[in-house]
Amino acid sequence: MKIPFFQPNIDQLEEEALLATLRSGWISTGPRNAELENAFAAAHGSAHGVAVSNGTTALHLALVVHDIGPGDEVIVPSLSFVATASCVLMAGATPVFVDVVSLDDWTLCPEAAAEAITPRTRAIITMHYGGYGSDMIALRALAERHDLVLIEDACHAPLATRQGIAMGSAGDAACYSFYTNKNLTTAEGGMILLSDETRAERARCLRSHGMTTSAFDREKGRRGYDVLEMGYNYRLDDLRAALGLVQLRKLPEEQRKRAAVAERYRERLEDAPHLSVPFSGYDGSPSHHLFPVLAADAKHRDALVERLQEAGIGCSIHYRPIHEFRPFAQYLRAPLPKTEA
């Protein structure tokens with residue numbers, strides 16, 4: 001590929017951070033995790049950060065600490081990566097798919113979410129598509145009106161804003177991925193932002209088998225531990241946390257570069273035939289994780305993909321609707337015409 005779909009910005013700074021962590025004598029979950037949690041939460045206007053092994057475990061833990069499980073329904077978008085819905089099944093709850101706002105705004109539609117609420121509905125997960133934030137004012141009002149938990153799948157949207165609101169600060173929880181192709185990468189990793197201290201402490205406990213003390217705590221002299229409830233092995237190690245701290249410092253400048261490239265793309269594609277660029281009237285500062293375009297139909301899309309590949313330009317289809325996958329088809333209750341278009 002002459003222009004790869006994505007290439008992480010890794011240089012000597014990350015190498016030095018890894019080497020320093022290796023030489024510190026502690027490479028599992030420890031002080032660099034805590035430093036990353038505090039710095040990431042502060043950057044997003046949130047009270048508490050909990051570092052975890054990936055974005056999917058972040059979403060799962062966010063549901064668990066809000067006591068969402070069997071018998072509960074969770075409203076989710078179908079136009080997203082599969083983890084936005086699979087985390088609901090992991091918690092034992094039922095995903096309910098709803099449509100996006102429009103062919104220009106590919107985020108969860110608040111009106112469609114309102115129509116999907118039943119007596120069993122406990123939560124809404126909204127996904128900030130490609131780094132463009134959802135309408136958190138409308139979704140927050142809807143959640144409060146029906147006493148629902150509001151979770152932000154912010155895996156695409158570090159440091160993004162909409163309507164003057166920082167994405168990650170308006171929900172009861174916000175979940176991030178630090179996967180290889182994300183704006184901030186630790187190869188694998190993730191983060192949960194929480195406003196409630198009790199839930200944040202529970203998430204830290206659950207990410208490490210439900211144990212009351214970590215291995216680092218015991219290394220520093222705290223003897224013994226209890227297991228409060230069944231937990232998971234969802235920890236992030238300090239090697240990856242060290243990478244994350246460097247990446248977080250780079251992130252504002254990286255996103256300024258992304259914004260400049262995205263603006264050039266918008267200008268050059270304005271009159272492109274058989275093609276439109278969504279989020280044309282976006283009110284805020286997106287993180288530009290993806291640069292999505294919408295082809296007029298499947299024939300034009302496939303021709304465009306082929307032409308890009310011939311030119312050595314990386315691209316992908318983001319996303320095939322989740323309800324089209326075999327394990328999720330049974331949860332589709334109503335047509336999603338905008339998602340499918």
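Residues numbered from 1 in each chain as written. Predicted model: local features only at pLDDT ≥ 70, side-chain atom pairs only at ≥ 80, totals over all residues. Heavy atoms only, no water.

Considering the side chain of His60
The line we're drawing: Segments assigned H or I by DSSP are reported as helices when at least four residues long, segments assigned E as strands when at least two residues long, and all are numbered from the N terminus. The contact rule is simple, with two residues in contact once any of their heavy atoms fall within 4.5 Å.
Within the fold, His60 resides in helix α3 (residues 55–64). When near neighbours in sequence (up to four residues on either side) are disregarded, His60 contacts Cys87, Met90, Ala91, Tyr232 and Tyr234.

Looking at empty space enclosed by the protein
Using a probe with the size of a water molecule, rolled over the atoms, empty space left in the structure can be pinpointed. Heads up, the rule is: Detection works on a 1 Å grid of protein atoms alone, calling trapped sets that fit a 1.4 Å probe cavities and calling open sets with protein on both sides within 12 Å along at least five of seven lines pockets, with lining residues defined by an atom within 4 Å of a point. Grid points are joined across faces, edges and corners, and a volume is the space filled by probe spheres set on the points. Amino acid classes used here: Ala, Val, Leu, Ile, Met, Phe, Trp, Tyr, Cys and Pro are nonpolar; Asp, Glu, Lys and Arg are charged; the rest, including Gly, are polar.
Using the criterion set out here, one finds one cavity of 30 Å³ or more in the structure. Estimated volume of the largest cavity: approximately 50 Å³. Taken together, Phe40, Cys155, Pro158, Tyr176, Ser177, Phe178, Lys182, Asn183 and Leu184 make up the lining of the largest cavity. For the lining of the largest cavity, the class distribution of residues is six nonpolar, two polar and one charged.

Here's the deal with unusual backbone geometry
For the bond from His318 to Tyr319, the omega torsion is 10°, close enough to zero to count as cis. Even without glycine at this site, Leu159 takes up a positive phi of about 65°. Tracing the backbone shows Leu159 in the loop between β5 (149–153) and β6 (161–162).

Some remarks on a negative patch on the surface
Note the cut-off: Candidate patch residues must exceed 30% relative accessible area and have no salt bridge, after which like charges are joined if within 9 Å and Val, Leu, Ile, Met, Phe, Trp or Tyr side chains if within 5 Å. Computed with the Shrake-Rupley method and a 1.4 Å probe, the accessible areas treat only the protein chains shown as cover for residues. Here, a salt bridge means any side-chain nitrogen of Lys or Arg that lies within 4 Å of a carboxyl oxygen of Asp or Glu. Positive residues here are Lys and Arg, negative ones are Asp and Glu, while His and the chain termini are left out of the count. In plain terms, the charge of a residue is placed at NZ if it is Lys, CZ if Arg, CG if Asp and CD if Glu. Three exposure classes are used, based on accessible area relative to the maximum for each residue type with a 1.4 Å probe and protein chains only: buried under 20%, partly exposed in between, and exposed over 50%.
Residues Glu263, Glu267, Glu270 and Asp271 make up a contiguous surface patch of negative charge. Considering the arrangement of structural elements, one finds Glu263 in helix α9 (residues 238–269). For Glu263, a relative accessible area of 43% corresponds to the partly exposed category.

Observations regarding the pairing of strand β2 (residues 73–77)
Going by this rule: For two strands to count as paired, DSSP must find a minimum of two bridges between them. Clockwise travel from the first strand over the helix to the second, with the strands pointing away from the viewer, marks a crossover as right-handed.
By the criterion of burial, β2 is predominantly enclosed, with five of the five residues buried. Here β2 shows no split at all, with Glu73, Ile75 and Pro77 on one side and Val74 and Val76 on the other all buried. Across five bridges, the pairing between β2 and strand β3 (residues 94–98) is parallel. Of the residues in β3, the one forming a bridge with Val74 is Pro95. Handedness of the β2-helix α4 (residues 83–90)-β3 crossover: right-handed. With three bridges joining them, β2 and strand β4 (residues 121–127) adopt parallel strand pairing. Looking at β4, one finds that Ile75 is bridged to Ile124.

A look at helix α1 (residues 12–24)
Under the convention used in this document: A helix is expected to span 1.5 Å for every residue after the first. To be clear, the arc concerns the directions from the helix axis to the C-beta atoms. In the analysis that follows, any N or O atom pair within 3.5 Å is treated as a polar contact, provided that within protein one partner can donate a hydrogen and the other can accept it, and provided that, for residues neighboring in sequence, both atoms belong to side chains.
Over its 13 residues, α1 runs 18 Å from end to end, which matches the ideal 18 Å to within 8%, given 1.5 Å per residue. Listed in full, the buried residues belonging to α1 are Glu14, Ala17 and Thr21. Taken down its axis, α1 places every buried residue within 60° of arc, on the same side. Opposite the buried face of α1, by more than 90 degrees, sit the exposed residues Gln12, Glu15 and Arg23. Looking at the buried side of α1, the elements it contacts are α2 (31–43) and α9. N-capping of α1 is provided by Asp11, with a side-chain oxygen placed 2.9 Å from the backbone N of Leu13.

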